[in-house]
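# Results of the structural survey
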Amino acid sequence: MMKYSIILIFLSLLVSCKPEINQENRIKEDVAFLASDALEGRQTGTEGEKKAAKYISERFAELGLLAKGTTNYLQPFTFKPKTNPHDEVKFDVNGDGTITGNNVIGFVDNKAENTIIIGAHYDHLGFGGEGSLYRDSIKAIHNGADDNASGIAILLNLAARLKEKNTNNNYLFMAFSGEEMGLLGSNYFIKNPTINTNKVSYMINMDMVGRMKKDSTLAVYGTGTSPIFKQVLKSHNDNFKLVQQESGVGPSDHTSFYLADMPVLHFFTGQHEDYHKPGDDSEKLNYDGMYLISDYIFNIISDLDDNGKLAFRKTKNESDSTPRFKVGLGVIPDYLFDGVGMRIDGISEDKPAQKAGLQKGDIVIQLGDSTVTNMMSYMRALSVFDKGSKTKVVVKRGEEKVEKEINF
C-alpha cells in the first residue's frame, strides 16, 4: 500500500510541475499550423478555411476571449462571386449564395466605454486561381505564411499580452475571411457589426508582417486618420525605418473601417518574390522581426490607453487620383522604397520587363518622356501607353544608368 501511495504522490507532483504554456511565445507555432499543406491554402469557403477558423476559435477560447460572433466565435457570411469585376459583391442573407466564409471574433470585456479593434485576415488563395502570380502548369498549394498567417500570429500574440493590461478600453480581435476576394469579411462586419461601432476608438490591421528586411523597414498606413498617430508612432520607434502613408485607404481590411469613419493603422513589411506564389512558406519568415512588430504595436496601444475615443480625420484618398492604365511592365514594386524613382522588388515571367532585361533591384527613373520620382509618377507615366506601344525605360542599377527598350 505504501508503494502505491508513493507512486500516487509522484504522479501528482508530475502533474503539478507541468509547465504552463507561455501564450506570448507561440508566433512560430501559429504560423506553422496556418501555413501548413493540410489547410490547402485557406481559400474562403473551403475545408482548409474552416480548419483555420476552428484553430483560431480554439486559440481564442484558450486565451479566455469571449465569443463575439453570431455563432459562438464565428460570423458566417454568404455571398455570390462577382461575374463582372466592376460589380459590388452581394451578400446573401437568405443563405442561397454559393460561398460561405467565416470571420472569427473574440472579445476582451474590460467594462470600458470604448473598444479597440485588432484585425488580420486569415484566408489565402488555396491552389492559386485568379490572384496567383504562379505561372507553372503544375497545381500547387499557396500556403500564405506571410500573407497572412503572419498577421494572425501577431494578433494572437497581442491577445495574450493585452488580456489583463491596458484596461481602459475593451478589445475586439477579428480574423477576417474573404480578404483576397475583395475585403469581404471586413465589409460584412461593418454592415453587420456584433458590437456598437460608434464606440470604437480605432482599428489596427496587420497584413503581411512576416518578412521584415535587413534594413528593418516597416510601412504604416493610415497615419493621417487621427491627429495623434504620428506623434505616438515616432515616440515608440526604436527599431524600424518607418515608411508612413497618411491615407486610410489601401488594399487590406483597414479600408472597410476607415470608410466607416474610424481611425486606422495598417502594418506591412513589404512585397517579396514569393507574394501570391506557392513559395510563401513558414520557414522564410523573420520571427524576430515579428516579435519586434508585436512589441511596437503593444507599446502604441499602451500609450493610447488613457486617451479615450480617438478623433477621426479624413485623409486624401490617393486612389482617387490614381491613373488608369491599359498595360503593365510586369513588375512588383517595392512599396517600402522611399528614395527617388520606383524600385523593382520582383519580376513576372514572360512580361515586358523580363523580356527587356530589367532586374530585381533596378530603380526606374524614366519611362518614355516622363521622369519617374515615385510610385504615383510611375503610374502616370505608364498610363499613356497602349498594347503594342514601344518606349524606352531608364533604370538605375547600382551606380550606373541602364537604358532598355520596352514592348508593351
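Here, the structure is the one placed above.
Here goes a summary of the coordinates provided. (Residues numbered from 1 in each chain as written. Predicted model: local features only at pLDDT ≥ 70, side-chain atom pairs only at ≥ 80, totals over all residues. Heavy atoms only, no water.)

Helix packing geometry: the angle between the two helix axes and the distance between the axes. As a packed pair, helix α4 (residues 145-162) and helix α8 (residues 287-303) sit with axes 10 Å apart at the nearest point and diverge in direction by 50°. Here α4 lies oblique to α8, going by the angle between them. In terms of crossing hand, the pair formed by α4 and α8 is right-handed. Contacts between α4 and α8 involve S150, A153, I154, N157, L158, R161 and L162 from the former and M290, Y291, I293, S294, D295, I297, F298 and I301 from the latter. Split into classes, the residues belonging to the contact of α4 with α8 amount to 10 nonpolar, three polar and two charged. (Axes fitted to C-alpha atoms, helices over the stretch in contact; angles between N-to-C directions. Helix = DSSP H or I, 4+ residues; strand = E, 2+ residues; numbered from the N terminus. Parallel < 35°, antiparallel > 145°, perpendicular 65-115°, else oblique. Left-handed = near helix turned anticlockwise from the far one by under 90°. Contact = heavy atoms within 4.5 Å. Nonpolar A, V, L, I, M, F, W, Y, C, P; charged D, E, K, R; others polar.)

Bringing α8 into the picture now. Along its 17 residues, α8 runs 24 Å from first to last C-alpha, staying within 8% of the 24 Å computed at 1.5 Å per residue. For α8, the complete set of buried residues consists of Y287, G289, M290, I293, S294, Y296, I297, F298, I300 and I301. Between the side-chain oxygen of the N-cap and the backbone nitrogen of D288 there are 3.4 Å, and the N-cap of α8 in question is N286. (Expected span 1.5 Å × (residues − 1). Buried < 20%, exposed > 50% of the residue type's maximum accessible area, 1.4 Å probe, protein only. Polar contact = N/O pair within 3.5 Å; in protein donor to acceptor, adjacent residues only side chain to side chain.)

The residue after D147, namely N148, is reached through a cis peptide bond having omega 5°. With respect to the helices and strands, N148 occurs in helix α4. Phi is positive for N72, close to 60°, though the residue is something other than glycine. Its place among the elements puts N72 in the loop between β1 (66-67) and β2 (74-80). Its relative accessible area of 54% is what places N72 among the exposed residues.

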